[in-house]
There are 2 protein chains.
Amino acid sequence: MKERCISKSVLERLPVYLHYLQSLPEGSPETISATAIARALGLGEVQVRKDLGAVSGAGKPRIGYDTAGLIERLKVFLDYDNRVNAVIVGAGKLGNALLAYEGFRDFGLSVLAAFDTDPSKIGQTSGGKPILAVGTFPEFCRENRVAIGIITTPDSVAQSVCDEMIACGIRAVWNFAPTRLKAPEGILVQNENMASSLAVLSGHLKKNRG
Amino acid sequence: MKERCISKSVLERLPVYLHYLQSLPEGSPETISATAIARALGLGEVQVRKDLGAVSGAGKPRIGYDTAGLIERLKVFLDYDNRVNAVIVGAGKLGNALLAYEGFRDFGLSVLAAFDTDPSKIGQTSGGKPILAVGTFPEFCRENRVAIGIITTPDSVAQSVCDEMIACGIRAVWNFAPTRLKAPEGILVQNENMASSLAVLSGHLKKNRG
DNA sequence: CGTATATCGATATATCAATATCGATATACC
DNA sequence: GGTATATCGATATTGATATATCGATATACG
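Residues numbered from 1 in each chain as written. Chains lettered and ligands numbered in written order. Predicted model: local features only at pLDDT ≥ 70, side-chain atom pairs only at ≥ 80, totals over all residues. Heavy atoms only, no water.

The next thing to look at is the overall build of chain A. A count of helices and strands for chain A gives eight helices and nine strands. The buried share among the 210 residues of chain A stands at 48%. When contacts within chain A are restricted to residue pairs at least 6 apart in sequence, those whose partners lie at least 24 apart make up 57%. When the accessible surface of chain A is summed, it comes to about 10,400 Å², and 52% of that surface belongs to carbon and sulfur atoms. If you average the places of the 24 positive and of the 21 negative side-chain charges in chain A, the two averages end up 8 Å apart. (Helix = DSSP H or I, 4+ residues; strand = E, 2+ residues; numbered from the N terminus. Buried < 20%, exposed > 50% of the residue type's maximum accessible area, 1.4 Å probe, protein only. Contact = heavy atoms within 4.5 Å. Areas by Shrake-Rupley, 256 points an atom, 1.4 Å probe, with all protein chains shown as cover. Lys, Arg positive; Asp, Glu negative; His and termini not counted. Charge placed at Lys NZ, Arg CZ, Asp CG, Glu CD.)

Printed below as a string of structure tokens:
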């Protein structure tokens, strides 16, 4: 089984598989079937097989997949052992929470610092990581090989922050501001829009009311 | 133009349109075309027309849509004027940030309180909203018509928290724990998985490397 | 007043993801 | 050792979403 390009949907499920496999208790069997994974995660059996096949392809009939090997493959594929550097712009509540969040380490992400314009915030730290002045942003990116930019600013400045990130060599932007950002070809912007998620939830409630 | 059921993808874009329309400066024309919206948001022109048609259907050729009317329609459709009550379980960093976040009010969401097991947190407030003991959770839900449950606990307890929410009458769950939650038919679980988003970002970086 | 054009809504096509189907195969069991 | 069965990987089908195409229409302009 071989695929050159992994679709976004598959990519989003891979960490879910990995997390599940890692959560299995000690004494579990050394192999696991796609059927079992599908049942545990509430997914389609064929979908699981296809997803795993895209990164592994080492399943055996009647047996399933070698759990440890599968975990390793997924980790490698998701680059969890490589360090990728990221910075946050916007040190408000959410920015601070993300800056202090330890869990990113497990995903190979090193959040190095946050940037803000507010002088009262500059110089403080959150989870041992500094909040710096936005003026030092380009220099910082150059010196630290920053690959991912996280935007937690008010929406009024989000687009200009995004533009500056791109100018500083960042090619993947994670946007938590409630604006849809535009970026040139080749730059990925992942919009994490609370309002969109909420619309889905509230749409569900509305449907079951009427 | 008439559609009975709005798809999830459309639902996710509606708040984006609304936000854009509301961000237009004072002196803007009273009408706006789907073409203009599409250009501004980087979306397909036909897609915008179809999405807007699903909730409005009042566009005129050569003119476009009445901006104020469109805003009103979107707000009504997204239920931004109705109050929907929500609670948070898990008063860690993220839980606290969400508890204190003022912006939910604009989306018609009232986050009433957070719940935790840690005695040192119970009794504190964040943004004027209390952190309560999980023991009081069922009673609180019954008394306050809570419709949405937000999970920001460690993943080990996420599923049981979800189950309890459902038992307390909650029919829409917003899950920030890094686990895929299972729920019976009729209950909507919106999984907000950091690891999944990150996988997409890191996949993009990897692709452009190799 | 007639024609050109921007824009709409609707229909058709293409693209993409999810699901179902099927033959192949490695173990379990007789 | 032979047969049954769980499971795999591949292919085909279905379904959903996005894009392209087209006629209709309301204004702009000559």
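The structure having been displayed, the exposition proceeds.
Turning to the pattern of salt bridges, a few remarks are in order. Overall, the coordinates contain eight salt bridges over all chains when judged by the stated rule. Among the salt bridges present, the one from Asp79(A) reaches Arg209(B), with a minimum N-O distance of 3.0 Å. One end of the pair, Asp79(A), is in the loop between helix 4 (67-78) and strand 3 (84-89); the other, Arg209(B), is in helix 8 (residues 194-209), on a second chain. (Salt bridge = Lys/Arg side-chain N within 4 Å of Asp/Glu carboxyl O.)

Here we come to the interface of chain A and chain B. One widely used convention gives an interface's size as the accessible area the parts lose upon coming together. Listed as interface residues are 57 residues of chain A and, on the opposing side, 57 residues of chain B. Approximately 5,100 Å² of surface area, both sides summed, lies buried where chain A meets chain B, with 68% of it carried by carbon and sulfur atoms. At the junction of chain A with chain B, the criterion picks out two salt bridges. Applying the counting rule to chain A against chain B returns 20 residue pairs in polar contact (both at pLDDT 80 or more). (Buried area = accessible area lost by both parts, 1.4 Å probe. Polar contact = N/O pair within 3.5 Å; in protein donor to acceptor, adjacent residues only side chain to side chain.)

Further remarks concern the sheet that holds strand 8 (residues 172-175) of chain B. All names here are of chain B. Taken in spatial order, the seven strands line up as 5-6-4-3-7-8-9 in an open sheet, and their pairing is mixed. For this open sheet the edge positions go to strand 5 (125-126) and strand 9 (188-191), each flanked by a neighbour on one side alone. As defined by bridge partners, strand 5 adjoins strand 6 (residues 129-133) across two bridges and the pair is classed as antiparallel. Paired with Thr125 across the bridge in strand 6 is Pro130. Sitting on the sheet, helix 7 (residues 155-167) touches strand 3 (84-89), strand 7 (146-151) and strand 8, and the angle it makes with strand 7 is about 175 degrees. (Pairing = 2+ DSSP bridges. Axes fitted to C-alpha atoms, helices over the stretch in contact; angles between N-to-C directions.)

With that out of the way, let us pick up unusual backbone geometry. Backbone geometry places Arg62(A), a non-glycine residue, at a positive phi of 70 degrees. Within the secondary structure layout, Arg62(A) lies in the loop between helix 3 (45-55) and strand 2 (65-66).

Residues and elements named next belong to chain A. Two numbers describe how helix 1 (residues 8-23) lies on helix 2 (residues 34-41): the axes approach to 11 Å, and their chain directions differ by 100 degrees. Comparing their axes, helix 2 and helix 1 come out roughly perpendicular. Every residue of helix 2 that contacts helix 1 at Val16, Tyr17, Tyr20 and Leu21 is listed here: Ala36, Ile37, Ala40 and Leu41. Taken together, the residues of the contact of helix 1 with helix 2 break down into eight nonpolar, no polar and no charged. (Parallel < 35°, antiparallel > 145°, perpendicular 65-115°, else oblique. Nonpolar A, V, L, I, M, F, W, Y, C, P; charged D, E, K, R; others polar.)

The end-to-end C-alpha distance of helix 1 (residues 8-22) of chain B, which contains 15 residues, comes to 22 Å, matching closely the 21 Å that a straight helix rising 1.5 Å per residue would cover. For helix 1 of chain B, the complete set of buried residues consists of Val10(B), Leu11(B), Arg13(B), Leu14(B), Pro15(B), Val16(B), Tyr17(B), Leu18(B), Tyr20(B) and Leu21(B). Those residues of helix 1 of chain B hidden inside the fold are in contact with helix 8 (194-209) of chain A together with strand 1 (31-32), helix 2 (34-41), helix 3 (45-55) and helix 4 (67-78) of chain B. (Expected span 1.5 Å × (residues − 1).)

Let us now look at the environment of Gly92(A). All names here are of chain A. Note on placement: Gly92 falls in the loop between strand 3 and helix 5 (93-100). Along the backbone, Gly92 and Ala114 are 22 residues apart, and their C-alpha atoms lie at a distance of 9.8 Å. Residues contacting Gly92, with those up to four places away along its chain left out, are Asp116 and Lys121.

All names here are of chain A. Spatially, 5-6-4-3-7-8-9 is the arrangement adopted by the seven strands of the open sheet, whose pairing is mixed. Two strands close off the open sheet at either side, each with one partner strand: strand 5 (125-126) and strand 9 (188-191). Where strand 3 and strand 7 (residues 146-151) come together, five bridges link them in parallel fashion. Residue pairing across strands places Ala86 opposite Ile148, the latter belonging to strand 7. Sitting on the sheet, helix 5 is in contact with strand 3, strand 4 (109-116), strand 5, strand 6 (129-133) and strand 7, with an inclination near 140 degrees to strand 6.

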